[in-house]
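# Coordinate analysis (summary)
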Amino acid sequence: MRAVCGGLLFVTLGCASTVTRLDGEFPTPVGPAKGTCEQADWLVVAPTRVQFVEPSGLRAAPRDDGVALYKVGARHPEPIPPLAPHMETQLPGIDEHVDKVHSYDTRSWAAAGLGAAGLIAISVGTALFVSSFKTNAQSQQQIDGTEAGVGAGLMLGGFGLGIAGLALNPGQVERSRAEAARYVFLPPKDTRENVVTWTQSYNQAVRTRCERAPSP
């Protein structure tokens with residue numbers, strides 16, 4: 001029972017990050033952020049390493065030629081899909097990032113939902129099954145067949161939901177690729193020059209907004 005429950009809980013767990021910021025930055029022509037208003041939303045383009053888990057699941061192949069977007073002073077990159085609607089221009093290939101992340105997240109949430117439903121069904125079924133054993137006035141033990149049957153059915157259904165969740169849950173290979181799509185721009189599809197230009201337009205909009213904001 002414990003092993004199965006542990007397996008069901010696994011579908012809700014995240015994985016260790018496969019994305020790491022490297023030293024240095026690639027400046028945009030607009031320059032660095034000025035003042036606290038700009039620093040709150042400003043994005044920095046920095047070299048980033050991403051680990052792709054190999055199909056065997058035993059090794060990860062690193063790539064150090066990617067770039068990602070970071071808030072000023074941050075070590076963890078900003079996710080690409082939420083940023084896309086706020087950019088002044090659209091980066092070629094951005095839809096591929098959004099679609100890959102959406103597909104992965106949908107499967108992950110579905111797997112987590114099945115796992116959670118399985119745990120609830122097992123817990124309720126176990127409680128019903130245990131409570132079906134009753135003692136009458138003569139201190140004789142009796143079994144409520146209906147309650148025991150419902151409890152056993154819920155337990156079996158819970159195991160089925162958990163197994164379905166484990167089967168649907170993306171593996172390490174898919175996780176590493178989804179995390180790369182979520183955070184990292186990789187050549188040749190996403191050139192560093194295009195990312196810098198894309199970020200430049202965003203930062204310029206941040207600067208314009210801050211310049212128009214009333215002084216505190």
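In the block above lies the structure referred to throughout.
Let me sum up the structure you'll find in this document. (Residues numbered from 1 in each chain as written. Predicted model: local features only at pLDDT ≥ 70, side-chain atom pairs only at ≥ 80, totals over all residues. Heavy atoms only, no water.)

Across its 12 residues, helix α6 (residues 172-183) extends 17 Å between first and last C-alpha, which sits within 8% of the 16 Å expected from 1.5 Å per residue. Looking at α6, one finds that the buried residues are Arg175, Ser176, Ala178, Glu179, Ala180, Ala181, Arg182 and Tyr183. (Helix = DSSP H or I, 4+ residues; strand = E, 2+ residues; numbered from the N terminus. Expected span 1.5 Å × (residues − 1). Buried < 20%, exposed > 50% of the residue type's maximum accessible area, 1.4 Å probe, protein only.)

A few words on the pairing of strand β2 (residues 43-53). With nine of 11 residues buried, β2 lies mostly within the body of the structure. Taken together, the three bridges between strand β1 (residues 19-21) and β2 define a ladder with antiparallel strand orientation. In the strand pairing of β2, Thr20 is matched with Arg49. Hairpin geometry of β2 and strand β3 (residues 60-71) is characterised by an intervening segment of six residues between the two adjacent antiparallel strands and by a positive phi of about 75° at Gly57. (Pairing = 2+ DSSP bridges.)

What follows is about the sheet that holds β2. The strand order across the open sheet formed by three strands is β1-β2-β3, and the pairing between neighbours is antiparallel. The open sheet has two edge strands, β1 and β3, and neither has a second partner. Taken over all neighbouring pairs, the strand axes of this sheet differ in orientation by 30° on average, direction set aside. Bridge count for β2 against β3 is 10 bridges, and the pairing is antiparallel. In the sheet register, Val44 faces β3, and the bridge partner there is Tyr70. Running over the sheet, α6 touches β1, β2 and β3 and is turned about 170° from β2. Here helix α7 (residues 192-212) sits on the sheet in contact with β2 and β3, set at roughly 135° to β2. (Axes fitted to C-alpha atoms, helices over the stretch in contact; angles between N-to-C directions. Contact = heavy atoms within 4.5 Å.)

Glancing now at a nonpolar patch on the surface. On the surface, Ile120, Val124, Val150 and Leu154 cluster together to form a nonpolar patch covering roughly 310 Å² of accessible area. Mapped by element, the contributors of at least two residues to the nonpolar patch are α4 (94-131) and α5 (145-168). Mapping Val124 onto the fold places it in helix α4. Residue Val124 is classed as partly exposed on the basis of its relative accessible area, which comes to 40%. (Patch = residues over 30% accessible without salt bridge, like charges linked within 9 Å, V, L, I, M, F, W, Y side chains within 5 Å. Areas by Shrake-Rupley, 256 points an atom, 1.4 Å probe, with all protein chains shown as cover. Salt bridge = Lys/Arg side-chain N within 4 Å of Asp/Glu carboxyl O.)

Looking now at the packing of α4 against α6. At their nearest, the axes of α4 and α6 sit 8 Å apart, and the two run at 135° to each other. Judged on the interaxial angle alone, α6 and α4 are oblique. As for the relative orientation of α4 and α6, their crossing is left-handed in sense. When α4 is examined against α6, the residues His97, Lys100, Val101, Tyr104, Asp105 and Arg107 are found in contact with a partner set consisting of Glu174, Arg175, Ala178, Ala181 and Arg182. Grouping the constituent residues of the contact of α4 with α6 by class yields four nonpolar, one polar and six charged. (Parallel < 35°, antiparallel > 145°, perpendicular 65-115°, else oblique. Left-handed = near helix turned anticlockwise from the far one by under 90°. Nonpolar A, V, L, I, M, F, W, Y, C, P; charged D, E, K, R; others polar.)

Tracing the chain through its elements places Ser123 in helix α4. Residue class for Ser123 comes out partly exposed when judged on its relative accessible area of 48%.

So, on to the environment of Pro27. Tracing the sequence through the fold places Pro27 in the loop between β1 and α2 (35-41). By relative accessible area, which is 68% here, Pro27 ends up exposed. Here the alpha-carbon distance between Pro27 and Val44, two residues 17 residues apart in the chain, equals 7.4 Å.

Side chains of nonpolar character tend, in soluble globular proteins, to be buried together. Core analysis: the largest hydrophobic core is formed by 21 residues, its most contacted members being Leu69, Met87, Ile94, Phe185, Val195 and Trp198. Listed by contribution, the elements that provide at least two residues to this core are β2, β3, α3 (80-83) and α7. The element best represented in this core is α7, accounting for six residues. Phe185 has contacts with Gly66, Val67, Leu69, Ile80, Leu91, Ile94, His97, Asp190, Val195 and Trp198, leaving out every residue within four places of it along the chain. Within the second largest apolar cluster, seven residues are counted, among which are Val50, Phe52, Ala180 and Leu186. (Core = buried A, V, L, I, M, F, W, Y, C linked by side-chain atoms within 4.5 Å.)

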